Amino acid sequence: MLRTSASRVLDDSDRDEVLALLDADPVANVFVSSRVRAVGLNPARLGGQMWGFGPRGGLVSLCYAGANMVPVSAGPEAVHAFADRARKQGRRCSSIVGQVDAVSLLWERLEPHWGRARAIRWAQPVMATSRKPPVPADPLVRRVRPDEFDVLLPACVAMFTEEVGVSPNLGDGGALYRTRVAELIRIGRSYARIDDGRVVFKAEIGAVTPHACQIQGVWVAPELRGRGYAVAGMAAVVEAALGCFAPVVSLYVNDFNQSARAVYRKVGFHEIDTFMSVLF
């Protein structure tokens with residue numbers, strides 16, 4: 001029985017214990033783990049708070065509460081505590097995302113207070129691979145150069161709008177989104193095939209830890225879909241990720257996106273978990 005039934009806000013003194021908990025499931029927790037490793041647990045640097053459930057030295061669950069809300073290793077008691085804190089604080093996130101059992105229970109407790117979501121993705125298979133793809137990689141897929149930001153950005157906006165259902169340019173005019181796109185280019189984690197100034201295929205490695213990395217933002221120009229660019233492009237990105245960043249490459253995808261799931265299977269990914277996302 002836990003000695004506390006309430007969550008608490010963690011700080012840098014909890015870092016080692018937090019990372020140990022995150023590393024127990026390095027693929028599922030790659031996003032949160034990458035944030036903690038990069039900036040620590042100080043809310044000003046983290047871009048939100050990290051909530052913990054369990055006493056110091058006995059931490060059993062986490063919840064990252066920033067632009068996204070992400071429960072980690074959260075059973076029913078922890079979800080209840082996180083939901084109570086989130087209800088009192090009010091909604092500050094644009095989505096809740098994570099393993100399906102925790103997110104579904106968290107949303108069940110929060111929906112009466114936060115109101116209806118804009119969209120719910122009830123099942124998003126988490127896929128991973130640690131092997132060189134069994135298909136040829138596109139030799140024209142490469143790291144995007146900083147001077148190609150203006151070429152890449154429209155493709156990124158189109159991908160985000162298609163995937164999420166709203167433009168990233170809403171609210172702040174897209175300033176934060178442009179900053180993130182530029183940062184991924186700067187640190188060498190944005191890949192694309194660009195033919196004569198046109199983006200044919202693109203993807204980013206959005207989160208990286210010593211144990212795993214996560215691909216995001218996979219996109220092929222609509223008029224070129226169905227021609228094999230996605231399979232060859234993903235093979236190139238997976239090869240680059242395994243060679244430069246981490247021993248396991250992961251992603252998650254909507255269950256209804258059968259074409260994307262087929263592409264990822266051809267590249268060698270297999271399903272290992274299920275996420276759920278609630279979008280506001």
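Above this note sits the structure.
Procedures and definitions
- Residues numbered from 1 in each chain as written.
- Predicted model: local features only at pLDDT ≥ 70, side-chain atom pairs only at ≥ 80, totals over all residues.
- Heavy atoms only, no water.
- Salt bridge = Lys/Arg side-chain N within 4 Å of Asp/Glu carboxyl O.
- Helix = DSSP H or I, 4+ residues; strand = E, 2+ residues; numbered from the N terminus.
- Buried < 20%, exposed > 50% of the residue type's maximum accessible area, 1.4 Å probe, protein only.
- Pairing = 2+ DSSP bridges.
- Right-handed = clockwise from strand over helix to strand, strands pointing away.

Participant: What's the story with the pattern of salt bridges in this structure? I'm lost.
Facilitator: Side chains carrying opposite charge are able to pair once their charged atoms draw close together. Taken as a whole, this structure holds 17 salt bridges when the rule is applied. Linking Arg-56 and Asp-14 is a salt bridge whose minimum nitrogen-to-oxygen distance equals 2.7 Å. Note that Arg-56 is positioned in the loop between strand S2 (49–53) and strand S3 (61–65) and Asp-14 in the loop between strand S1 (7–9) and helix H1 (15–23), a separation of 42 residues in sequence. For Arg-56, a relative accessible area of 51% corresponds to the exposed category. Arg-87 serves as the salt-bridge partner of Asp-84, at 2.8 Å between the closest nitrogen and oxygen. Of the two residues, Asp-84 and Arg-87 are both situated in helix H4 (residues 76–89); the distance of three residues between them amounts to about one turn of the helix. A relative accessible area of 35% means that Arg-87 is categorised as partly exposed. Salt bridges sharing common partners tie together Arg-142, Arg-145, Asp-147 and Glu-148.

Participant: Sorry if this is basic, but what is going on with the pairing of strand S10 (residues 213–220) here?
Facilitator: Regular strands place their side chains on alternate faces of the sheet. Counting buried residues along S10, six of its eight residues qualify, which places the element largely inside the surrounding structure. In this structure, strand S9 (residues 198–208) lies alongside S10, joined through six bridges in antiparallel fashion. Note that in S10 the partner of Phe-201 across the bridge is Val-220. In this sheet, strand S11 (residues 249–252) lies alongside S10 in parallel orientation, the contact comprising two bridges. Residue Gln-214 lies in a different strand from S11, and its bridge partner there is Ser-250. What joins S10 to S11 is helix H8 (residues 229–244), and the crossover it makes is right-handed.

Participant: What is the right way to look at the environment of Tyr-264 in this model?
Facilitator: Along the chain, Tyr-264 turns up in helix H9 (residues 258–267). Judged by relative accessible area, Tyr-264 falls into the buried class, the value being 8%. As for Tyr-264 and Leu-152, which are separated by 112 residues in sequence, their C-alpha atoms are 23 Å apart.

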